[in-house]
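Residue-level structure breakdown
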Amino acid sequence: MFTTFVSKFKFKLSTTYISTMDSSKHSLIYSAIILVLMTISARATNNMVTTTVPLLAKYSLQLSNSMVGLLSALLFTFNFIATTFINPELNSKLRKRAFVISNIIILLSLPLYYLSNVISIWIISIFAGIAFGLVMPNLITAASLANDKKSVERLLSLYSTSLSTSLILGPAIEVYLLTRYDYRDVFLWFIPIAVIGVIIASRIRFPDVKRESSGMSVIKNKGLMAASLSITTYNVPFAAFTTFLAILAKDRFNLPSFDAYFVFLPFYIMSFLTRLTMTIRPFENLRMPMLISIIITILGLFGLLYAPNYSIFLAVIALLGIPHGSIFPMATIMISRATSIAERNAVNSYFSAYNNLLFLIVPAIIGFVSEIIGLTFSISALVIPVAITAVVFFKMFWNDNIMVKR
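Residues numbered from 1 in each chain as written. Predicted model: local features only at pLDDT ≥ 70, side-chain atom pairs only at ≥ 80, totals over all residues. Heavy atoms only, no water.

- As recorded by an unreviewed UniProt entry, the protein chain carries the name MFS transporter and is attributed to Saccharolobus solfataricus.

If you want it as structure tokens, here you go:
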């Protein structure tokens with residue numbers, strides 16, 4: 001009888017364990033699907049706005065390169081304010097409400113950009129910048145809320161892959177649209193994509209903790225420092241690409257609008273393939289992937305300078321898609337390895353804020369410098385800050401367990 005009781009107890013325990021495992025697995029799959037849909041909606045819309053507003057300003061509103069750079073900087077200034085001073089200070093419940101409202105604001109900004117003029121485009125960009133600043137860092141946090149570290153790193157890679165998917169989908173749609181419509185019309189065609197974000201925004205996960213950390217104690221976190229240095233090696237040139245790549249291609253090779261915007265497609269396709277590979281087989285050791293990515297970035301920047309025709313220019317841009325695909329997910333993995341759940345929202349917010357700071361400063365500088373030495377030389381000169389940052393990063397973290405998981 002005792003043996004029978006023990007056998008029944010073991011069976012019940014095992015079935016409960018299996019049921020729990022199945023429930024956890026289904027929850028993870030559900031979270032992954034929601035995260036992918038939300039990321040594609042938010043990032044496709046975000047990328048369209050940040051890359052098309054400069055084109056709208058230059059070719060429809062006839063603004064100069066320096067004014068285009070300032071407009072781009074304005075958008076990222078308010079993005080920076082939201083990620084630095086607003087998002088980290090909100091508790092999880094308020095942050096979720098702000099997240100939902102921000103998606104509505106993003107949706108409303110699209111028809112307003114369509115109707116914009118030389119004055120209103122600056123005002124719209126302020127509100128769009130704040131809204132994107134309250135959306136993007138919370139998606140990174142949502143991707144890092146799995147129950148175990150292996151699932152966290154895989155989900156972060158899936159999030160990064162979703163970013164790249166959106167960065168293929170969005171430009172592909174825009175290239176097609178520009179064969180038929182002008183820059184203003186593009187904003188209207190992205191409304192359905194933004195609607196998806198509004199519908200599912202309330203289903204994104206937020207940390208379930210009573211108290212979250214923020215402030216100086218979090219700013220000193222080594223994961224934030226490592227992630228910021230690593231992303232600098234790529235986002236310095238990428239900030240310039242976002243604002244000026246299509247302008248560079250259009251002016252340098254005398255291209256029509258759709259061909260000029262096409263430069264983003266090989267770039268993002270290669271980025272997607274890189275991130276997909278990292279989702280299937282996440283990196284345990286980040287040393288060599290980081291080193292190779294930085295070397296490719298430096299070679300690519302020199303390649304832009306010497307590319308003799310549009311075809312080789314596209315090949316160089318595709319090559320630069322590899323570090324774009326690899327460095328961001330590695331940076332988010334560094335954060336996940338060095339933070340607790342209570343710290344993660346603030347660290348991700350400050351990390352996003354730092355990225356926005358780069359996107360604020362770099363386009364403005366490139367816009368003004370390009371008036372003196374030309375756009376090609378201005379972008380290629382970014383190899384200098386990339387190389388300096390790489391040396392500092394590897395000196396500080398080459399032997400750290402944030403790079404080599406132990």
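**Remarks on the domain arrangement of the protein chain**
- Along its sequence, the protein chain is organised into domain 1 (34-204) and domain 2 (214-405).
- A C-alpha centroid distance of 18 Å is found between domain 1 and domain 2.
- Across the contact, 56 residues belong to domain 1 and 54 residues belong to domain 2.
- Carbon and sulfur atoms make up 65% of the surface buried where domain 1 meets domain 2, a total of about 4,700 Å² over both sides.
- The tally of links from domain 1 across to domain 2 stands at zero salt bridges.
- For the pair domain 1 and domain 2, the number of links is 15 residue pairs in polar contact (both at pLDDT 80 or more).
- Mapped onto the side of domain 1 that touches domain 2, the elements with two or more residues apiece are α1 (2-60), α2 (65-86), α4 (120-143) and α5 (149-177).
- The leading source of residues in the side of domain 1 that touches domain 2 is α5, at 19 residues.
- Taken together, the residues of the side of domain 1 that touches domain 2 sort by class into 25 nonpolar, 23 polar and eight charged. (Domains from an automatic or database assignment. Contact = heavy atoms within 4.5 Å. Buried area = accessible area lost by both parts, 1.4 Å probe. Salt bridge = Lys/Arg side-chain N within 4 Å of Asp/Glu carboxyl O. Polar contact = N/O pair within 3.5 Å; in protein donor to acceptor, adjacent residues only side chain to side chain. Helix = DSSP H or I, 4+ residues; strand = E, 2+ residues; numbered from the N terminus. Nonpolar A, V, L, I, M, F, W, Y, C, P; charged D, E, K, R; others polar.)

**Points about the packing of aromatic side chains**
- Inspection of every chain in the model, using the stated rule, returns 21 aromatic pairs.
- Both rings, one in F238 and one in F359, keep their centres 5.7 Å apart while their planes meet at 85°; by these two values the pair is edge-to-face. Separated by 121 residues along the polypeptide, F238 in helix α9 (residues 222-253) and F359 in helix α14 (residues 341-373) bring together distant segments of the chain.
- Centre to centre, the rings of F393 and F394 are 5.2 Å apart; their planes meet at 70°, and the pair counts as edge-to-face.
- What makes F394 buried here is its relative accessible area of 14%.
- Of the aromatic side chains, those joined through ring pairs into one cluster are F76, Y234, F238, F241, Y261, F264, F267, Y268 and F359.
- In this arrangement the basic side chain of K250 is found over the ring face of Y59, its NZ or CZ atom lying 5.2 Å from the centre. (Phe/Tyr/Trp six-rings, centres within 6.5 Å; stacked < 30°, edge-to-face > 60°. Buried < 20%, exposed > 50% of the residue type's maximum accessible area, 1.4 Å probe, protein only. Lys NZ or Arg CZ within 6 Å of the ring centre and 35° of its normal.)

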